Amino acid sequence: SLARFGLRPAIDFTGGSLLEIEIVAAETPLTTTDVEQVKPADVEVESIQNSGVNQFILRTKEIDNQTKDQVVADLSHELGRIEVLRFETVGPTLGRELLLKTLVAVAIVASIIAIYVWRQFSELKYGMAAILAMLHDSLILLGAFSILGVVYGIEVDVLFVTALLTTLSFSVHDTIVVFDRIRELTRTHRSLPFADLVNIAVLQTLSRSINNSMTIIIMLLSLFLLGGETIRWFALALLIGSVTGTYSSTFIAAPLLLLWDDLKKLRKEGG
């Protein structure tokens, strides 16, 4: 989905205007089709999204306050009294700049985390395993929102970027706990094979990781189900990141250490 459809960027990245309205005078629930039939102020509406009962988000090219007032007046004439819930305008230059800064921020954060883990554990394989586990978590989150964009028209905005960066930190948090336990066992059980040490470390930290993550997952699930519309998808992004970050530390980062050792042995045998 991510390769074929990509993500649906919000106006934070593309530029344009976003108008969220509530049709308070409607006697029956309206649909996006009802709103689409109105051609307000000759403004080209790029998309209309339902955000609640008789609440709609209209996305247009960049417009000013005067044009916005005319759009609201035209919609009110056709659909009934309207209350403006939100109006935002972002220029295309600012949108491109924000997108570039977002990509740079993600790259910098991932690089610093990888270098930090490498330095703390004094071996490159720990840093590489951590960064690959983080890459997995990021791809799962991006792919999930790509599917949501296709099915439900969900857009990614600055809050999504915040959730993505939080996912990176959450992922490496559990990974460091597992790696630290592996390092301790390596010092106290030098005679055991490395694979056995990894297995023991995973078993000893698994219940702790699950218990710690469940408290976060329950809170985020509550926010997603009961929270307001403005933070619902932000909470879902954090929820997906929490789940993937929990299992990637155990089932991706740790096995990658074993794979690294196996490849190292094969290279020595081949050399």
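That block above? That's the structure.
Only a predicted model underlies this, so the values are computations on that prediction, with no experimental measurement involved. (Residues numbered from 1 in each chain as written. Predicted model: local features only at pLDDT ≥ 70, side-chain atom pairs only at ≥ 80, totals over all residues. Heavy atoms only, no water.)

### Some thoughts on the overall build of the protein chain
Scanning the protein chain from N- to C-terminus turns up eight helices and four strands. Order of helices (α) and strands (β) in the protein chain, N terminus to C terminus: α-β-α-β-β-α-β-α-α-α-α-α. Its C-alpha radius of gyration of 24 Å places the protein chain more than 25% over the 18 Å reference for a compact globule of 271 residues. When its C-alpha atoms are laid out on the principal axes, the protein chain stretches across 80 × 35 × 25 Å. Relative to its 271 residues, the protein chain shows a buried fraction of 40%. Side-chain charges of the protein chain comprise 22 positive and 29 negative groups, with the mean position of each set lying 15 Å from the other. (Helix = DSSP H or I, 4+ residues; strand = E, 2+ residues; numbered from the N terminus. Rg over C-alpha atoms; globule rule 2.2 N^0.38 Å. Buried < 20%, exposed > 50% of the residue type's maximum accessible area, 1.4 Å probe, protein only. Lys, Arg positive; Asp, Glu negative; His and termini not counted. Charge placed at Lys NZ, Arg CZ, Asp CG, Glu CD.)

### Looking at the side chain of Ser249
By the secondary structure assignment, Ser249 is in helix 8 (residues 229-270). Ser249 sits in the buried class, given a relative accessible area of 1%. In this view, Ser249 contacts Ser171, Asp174, Thr175, Val178 and Ala254; residues no more than four positions away in its chain are not counted. (Contact = heavy atoms within 4.5 Å.)

### Details of the pairing of strand 3 (residues 55-60)
With five of six residues buried, strand 3 is to be regarded as a mostly interior element. In this sheet, strand 3 lies alongside strand 1 (residues 16-23) in antiparallel orientation, the contact comprising six bridges. The residue bridging Glu20 from the neighbouring strand is Ile57, located in strand 3. With six bridges connecting them, strand 2 (residues 45-52) and strand 3 associate as antiparallel partners. Residue pairing across strands places Ser47 opposite Arg59, the latter belonging to strand 3. The loop that links strand 2 with its antiparallel partner strand 3 comprises two residues; one of these, Asn54, has a positive phi angle of about 55°. (Pairing = 2+ DSSP bridges.)

### Here's the deal with the sheet that holds strand 4 (residues 82-90)
A sheet is described by the order of its strands in space; here four strands give the open sequence 2-3-1-4, paired in antiparallel fashion. Across the chains shown, the open sheet's two edge strands, defined by having one partner strand only, are strand 2 and strand 4. If you compare each strand with its neighbour and ignore which way they point, the axes differ by 15° on average. The strands touched by helix 3 (residues 65-79) are strand 1, strand 3 and strand 4; relative to strand 4, the strand with the most contacts, the crossing angle is about 150°. (Axes fitted to C-alpha atoms, helices over the stretch in contact; angles between N-to-C directions.)

### Structural notes on the pairing of strand 1
Side-chain direction in a regular strand flips from residue to residue, so the side chains alternate between the two faces of the sheet. Where burial is concerned, most of strand 1 is hidden: seven out of the eight residues are buried. Where strand 1 lies against strand 4, eight bridges are found, and the strand directions are antiparallel. Bridge assignment links Leu18 to a residue of strand 4, and that residue is Glu88.

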